[in-house]
Amino acid sequence: MGKIITIANQKGGVAKTTTAINLSAALGQLGKRVLLADLDPQGNASSGYGIRAVDKKKLELTSYDVIMGLARPHEAIIKTGFSNVWLLPATQELAEAEIRLLKFEQKTLQLRKALLQIKDEYDVIIVDTLPSLGVLALNTLSACDSIIVPMQCEPYSLEGVSELFATIKRIKKNVNKSLQIMGIVFTMVDTRLTVNRDVMRKIKREFPADALFSTEIPRNVKIAEAPSHGTPIAYYAPDSKGAEAYARLAKEVLKRI
Ligand code: ADP
Ligand code: MG
């Protein structure tokens, strides 16, 4: 049975999408069948896999149609050019779901219902979500078995995380009893920076050791470049520190599943 993992943090710019792209590619390279579900209207995870704006116009069905119940997941999923990775793409149209979903009786459970139809066809389904706790984001938290929280080691990085954890607790109680936080992963780490080291130390004190992945993702220019080539880091710069880190993270994720 496949595992659904949402990459969440209501802060923007903490490497949620970067992690969704590169973790899914690394899992695919390890031979796992992976679906990357793009649930952010910005569609950056789709672009990171080479689905460019021009292609997006041609997409007939996207995650919008799936979450609105207008199409079945099979119909919207496309095969990427990368080993074992399929994509449920997103376009700007998805932004409209934030309002249109409100008319549904089970407005936060639409994605869950859809992904259940295809759960068994993949080993792992990675969901990229948006930095908010709106109805779209609540769909992505309600749909998954576990959550990975990317965190940047900056002074305010803990702000809001308690809100995310409270929301997760509520969802766990009301909708999704088996929901787990798989772990926090530090991203864009630059250990030369005192502030990075200080914040990391503080977070390590605050959480039990198993709440944190031991893999840390370094700040790495190749990681930042890869999306404009529509290529995950594992293929864009396979020998880079960034590729190596995401490969290690993928192995850790498989151990925790
Ligand atoms: P989010 O999805 O949380 O908003 P993104 O994944 O879009 O964050 O990342 C924000 C920015 O940081 C992007 O420009 C991305 O290329 C860059 N970035 C992410 N991780 C790294 C890294 N390890 N090294 C360098 N740049 C990174
Ligand atoms: Mg993002």
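Everything here concerns the structure above.
Residues numbered from 1 in each chain as written. Chains lettered and ligands numbered in written order. Predicted model: local features only at pLDDT ≥ 70, side-chain atom pairs only at ≥ 80, totals over all residues. Heavy atoms only, no water.

**Remarks on the overall build of the protein**
(1) Moving on: Scanning the protein from terminus to terminus reveals 13 helices and 7 strands.
(2) Moving on: Over its C-alpha atoms the protein spans a radius of gyration of 17 Å, differing by no more than 12% from the 18 Å that the globule rule assigns to 257 residues.
(3) Moving on: When its C-alpha atoms are laid out on the principal axes, the protein stretches across 50 × 40 × 30 Å.
(4) Moving on: Looking at the protein residue by residue over its 257 residues, the buried ones come to 54%. (Helix = DSSP H or I, 4+ residues; strand = E, 2+ residues; numbered from the N terminus. Rg over C-alpha atoms; globule rule 2.2 N^0.38 Å. Buried < 20%, exposed > 50% of the residue type's maximum accessible area, 1.4 Å probe, protein only.)

**Remarks on the sheet that holds strand 4 (residues 85–88)**
(1) Moving on: Overall, mixed pairing links the 7 strands, which are arranged 3-4-2-5-1-6-7 in an open sheet. Because the sheet does not close on itself, it has two edges, and the strands there are strand 3 (78–79) and strand 7 (180–187).
(2) Moving on: Where helix 9 (residues 161–174) meets the sheet, it contacts strand 6 (146–152) and strand 7, and its direction lies at approximately 175 degrees from that of strand 6. (Pairing = 2+ DSSP bridges. Contact = heavy atoms within 4.5 Å. Axes fitted to C-alpha atoms, helices over the stretch in contact; angles between N-to-C directions.)

**Comments concerning the site of ligand 1**
(1) Moving on: By nearness alone, 14 residues border ligand 1, and G13, K16, T17, T18 and P218 come closest of all.
(2) Moving on: Between ligand 1 and G13, the relevant distance is 2.7 Å, taken from an oxygen atom to a main-chain nitrogen or oxygen of the residue.
(3) Moving on: Here a nitrogen atom of ligand 1 and a backbone polar atom of N220 are 2.9 Å apart.
(4) Moving on: For ligand 1, whose unbound accessible area comes to 560 Å², protein coverage reaches 77%.
(5) Moving on: Where the shell around ligand 1 is concerned, the elements lending two or more residues are helix 1 (16–29) and helix 11 (221–225).
(6) Moving on: Per-element tally for the shell around ligand 1: the top contributor is helix 1, with 3 residues. (Near = heavy atom within 4 Å. Polar contact = N/O pair within 3.5 Å; in protein donor to acceptor, adjacent residues only side chain to side chain. Areas by Shrake-Rupley, 256 points an atom, 1.4 Å probe, with all protein chains shown as cover.)

**As for the packing of helix 1 against helix 13 (residues 241–256)**
(1) Moving on: Put simply, helix 1 and helix 13 touch, their axes get as near as 8 Å, and they point 75 degrees apart. In this view, helix 1 runs roughly perpendicular relative to helix 13, as classed from their interaxial angle. Of the residues in helix 13, those in contact with T18, T19, N22, L23, A26 and L27 of helix 1 are Y246, A247, L249, A250, V253 and L254. (Parallel < 35°, antiparallel > 145°, perpendicular 65-115°, else oblique.)

**Considering the pattern of salt bridges**
Two side chains of opposite charge can pair, provided their charged atoms sit close to one another.
(1) Moving on: All told, the structure shown has 9 salt bridges when counted by the stated rule.
(2) Moving on: For R52, the salt bridge identified is with D55, shortest N-O distance 3.5 Å.
(3) Moving on: Across the pair K119 and D145 runs a salt bridge whose closest N-O atoms are separated by 3.2 Å. Here K119, found in the loop between helix 7 (110–116) and strand 5 (124–128), pairs with D145, found in the loop between helix 8 (135–143) and strand 6; they are 26 residues apart in sequence, far enough to count as distant. (Salt bridge = Lys/Arg side-chain N within 4 Å of Asp/Glu carboxyl O.)

**Some points on the packing of helix 8 against helix 9**
(1) Moving on: Relative orientation of the contacting elements helix 8 and helix 9 amounts to 60 degrees, with a least axis distance of 10 Å. It follows from the interaxial angle that helix 8 and helix 9 lie oblique. For the crossing formed where helix 8 meets helix 9, the hand is right-handed. Two secondary-structure elements touch here, helix 8 through L138, L141 and S142 and helix 9 through L164, T167 and I171.
(2) Moving on: Here the residues of the contact of helix 8 with helix 9 sort into 4 nonpolar, 2 polar and no charged. (Left-handed = near helix turned anticlockwise from the far one by under 90°. Nonpolar A, V, L, I, M, F, W, Y, C, P; charged D, E, K, R; others polar.)

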